[in-house]
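# Fold and geometry: a report
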Amino acid sequence: MNETLTPAATTEKSQHTRRMTLNMGPQHPSTHGVLRVLLELEGETVLKCTPDIGFLHTGIEKQCEALNWQQVITLTDRVDYLANLSNNLCYSLAVEKLLEMEIPPKAQWMRVLLCELTRINSHLVWLGTHALDIGAMTVFFLCFREREDILRLFEMFSGQRLMTSYIRVGGLALDPPRGWEKRVKTFMDTLPSRVDEYESLLNSNPIWLKRTKGVGRLPVEEMLEIGMTGPCIRAAGIPMDARKMMPYSSYDKFNFEVPTSTDNDVYARYAVRVAEIRESIKIVNQAMAGMPEGPVQASAPHVVLPEREKMKTQMESLIYHFKIVTEGFSVPAGEVFQVIESPRGELGYYVVSDGTAKPLRVHMRTPSFGNLQALPNLIEDRMLADAIAIMGSLDFVLGDCDR
Amino acid sequence: MLPENLKENAVAASLEQADSDLLLGGNTDHNELTLDVVPEKILGALQTLKGQRFERLSTVTVVDRYPMEPRFEVVYHLQSVSRNLYVRLKCRISGEKPEIDSATAVYAAANWYEREAWDLFGVVFKNHPNLTRIMMPDFWEGHPLRRDYPVHGYKYSYQSE
């Protein structure tokens, strides 16, 4: 066993103080998964914090090397189980960059729409569970009510609530189902008032304010250096957002703001995320209004599976279908680091190809891993009760962290 | 030596200026700047780039080119938020004795990424403050992301069950 991770029988008694090692997790509800944190306490002050990760390590990067390019999509779903479509998109964009493939506008617009729905979904789960940690239980039920609607939308699009695999290399898996506009629109019309409802429960709640205001501050340079990204860094005043900085999938054609705050505490992270839900609603509405016509898959017969009808009537389509299904497609040798803004921060896929039908290496730079690394800096020398609020504010997903 | 096609590039030129033996080559394929750095001089390269407003280290990872030699590529992705730039540094090190200096002295973020790289590839990062396993259990033998490590592992065989 690793020395630093062994709970020591610490009863170093000085005059009045007694140090205690507290083992939090891996099955603690407020660690949002299986994170183990070793806390060394003096009274209620955390002196030392040692996160222990890896309980959810499933070797996804290794498995990627054994599958062909298109099959890897199903693994990217399982990386961050609250932002499946963002992971699908990031991987697809990376492979499409290697293939130098043009994606039709409708597919790009649909991708933006779905990724923003994913962001709303992820932020709702975060808000519900974070509020629950701090003691506001009603918010949890309300957030999960709306989240259920989003999952039903995902089910309508892809047949799956969570592991969607809807965004594929070359476009989308299927044409959007009939009547999707109406369903999305109905949901989008109700959501703003629902967000007001959450805010009315929290913004003037004295317990919430006491637990979150002024808690969890860290100098912004330190945050950048330790690798924090996403809403946490935006709540510290840096408008770092890949959607604006290096636009992908036509994000440059959408009109939206990047919410920031300079308070740099748990409350600011909450405020930024709620503002992001509102911006996402704006983006979804724009995507619905300006949805282009046309196909949702690129015209690349060696990559995209042919239509069922064509496959049964045309010889070439049958051959392409056979080749893609049996051996996959090969991708020119090269390497690409594709960055997108996932709900949790900077999501990067570093994809290396050696010109064969399977990836040589797929590395995921996941936002949870970077954010969690800052945990000791954030909670050392602070109260134990604040540790829960700070952990919640980082919004990590352990699947995303451990891969 | 700086290749011809990178003479115009400000980031590459500044590294060349700092130390003329630092770069081995590079390219800008897919509009992404990649620079091959002499492994012994990686700390110097990171220090120079940090001085040029590359505030954050996005990720450190390894690519295993087994059975080629030099076998491992240690890959660093740096981002400059203020200049809105990414740069990829790459060091090729041998499979015999995979060793490189730890970047933790320059970027604190390298800590967990290097632990992960050591855990999964067996690349040793010299002067790392706590180079222990992070993903695999402490008693694990071998480094699972190496290309010569079977996908299903060594311990189990489904046939024998």
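What follows is about the overall build of chain A. Across its full length, chain A holds 17 helices and eight strands. A globule of 403 residues ought to have a C-alpha radius of gyration of about 22 Å, and chain A, at 23 Å, matches this closely. Buried positions account for 49% of the 403 residues belonging to chain A. Within chain A, residue pairs in contact and separated by at least 24 positions form 69% of the contacts whose partners lie at least 6 positions apart.

Right, let's get into the interface of chain A and chain B. Each side of the interface is counted separately: chain A has 34 residues, and chain B has 30 residues. Secondary-structure elements contributing two or more residues to the side of chain A that touches chain B are helix 1 (60–64), helix 8 (220–226), strand 6 (334–342), strand 7 (345–353), strand 8 (361–365) and helix 14 (367–372) of chain A. Ranked by residue count, the leading element in the side of chain A that touches chain B is strand 7 of chain A, at four residues. When grouped by side-chain class, the residues that make up the side of chain A that touches chain B number 14 nonpolar, 12 polar and eight charged.

Turning our eyes to something else, we now look at the sheet that holds strand 7 of chain A. Residue and element names in this part refer to chain A. Taken in spatial order, the three strands of this open sheet run 6-7-8, and their pairing is antiparallel. Edge positions in the sheet fall to strand 6 and strand 8, since each has one partner strand and no second. Averaged over all pairs of adjacent strands, the angle between strand axes in this sheet comes to 15°, irrespective of strand direction. Strands in contact with helix 3 (residues 84–99) are strand 6 and strand 7; relative to strand 6, the strand with the most contacts, it is inclined by about 150°.

Here we take up the pairing of strand 8 of chain A. Residue and element names in this part refer to chain A. With five of five residues buried, strand 8 lies mostly within the body of the structure. Every second residue of strand 8 is oriented toward a common face, with R361, H363 and R365 on one face and V362 and M364 on the other, all of them buried. Two strands pair when backbone bridges link them, and strand 7 and strand 8 are joined in this way by five bridges, in the antiparallel orientation. Note that in strand 8 the partner of Y350 across the bridge is H363.

So, about the environment of S353 of chain A. Residues and elements named next belong to chain A. Within the secondary structure, S353 sits in strand 7. S353 sits in the buried class, given 23 other C-beta atoms within 10 Å. Separated by 276 residues in sequence, S353 and D77 place their C-alpha atoms 21 Å apart. Not counting chain neighbours up to four residues away, the residues in contact with S353 comprise L98, V331, P332, A333, G334, P359 and L360.

This part covers the pairing of strand 6 of chain A. Residue and element names in this part refer to chain A. Of all the nine residues making up strand 6, eight are buried; the element is thus mostly covered by neighbouring parts of the structure. As paired strands, strand 6 and strand 7 are joined by nine bridges and run antiparallel to one another. Paired with V336 across the strands is V351, a residue of strand 7. Connecting strand 6 to the antiparallel partner strand 7 that follows it, the hairpin turn spans two residues.

Let us look at the nonpolar core. Most often, soluble globular proteins keep nonpolar side chains buried together rather than apart. Core analysis: the largest hydrophobic core is formed by 156 residues, its most contacted members being A94, V95, V351 and I390 of chain A together with V74 and V123 of chain B. In terms of residue count, helix 4 (residues 105–134) of chain A provides more of this core than any other element does, 15 residues in total.

Thresholds applied
- Residues numbered from 1 in each chain as written.
- Chains lettered and ligands numbered in written order.
- Predicted model: local features only at pLDDT ≥ 70, side-chain atom pairs only at ≥ 80, totals over all residues.
- Helix = DSSP H or I, 4+ residues; strand = E, 2+ residues; numbered from the N terminus.
- Rg over C-alpha atoms; globule rule 2.2 N^0.38 Å.
- Buried ≥ 20, exposed ≤ 12 C-beta atoms within 10 Å, placed from the backbone.
- Contact = placed C-beta atoms within 7 Å.
- Nonpolar A, V, L, I, M, F, W, Y, C, P; charged D, E, K, R; others polar.
- Pairing = 2+ DSSP bridges.
- Axes fitted to C-alpha atoms, helices over the stretch in contact; angles between N-to-C directions.
- Core = buried A, V, L, I, M, F, W, Y, C linked by C-beta atoms within 7 Å.

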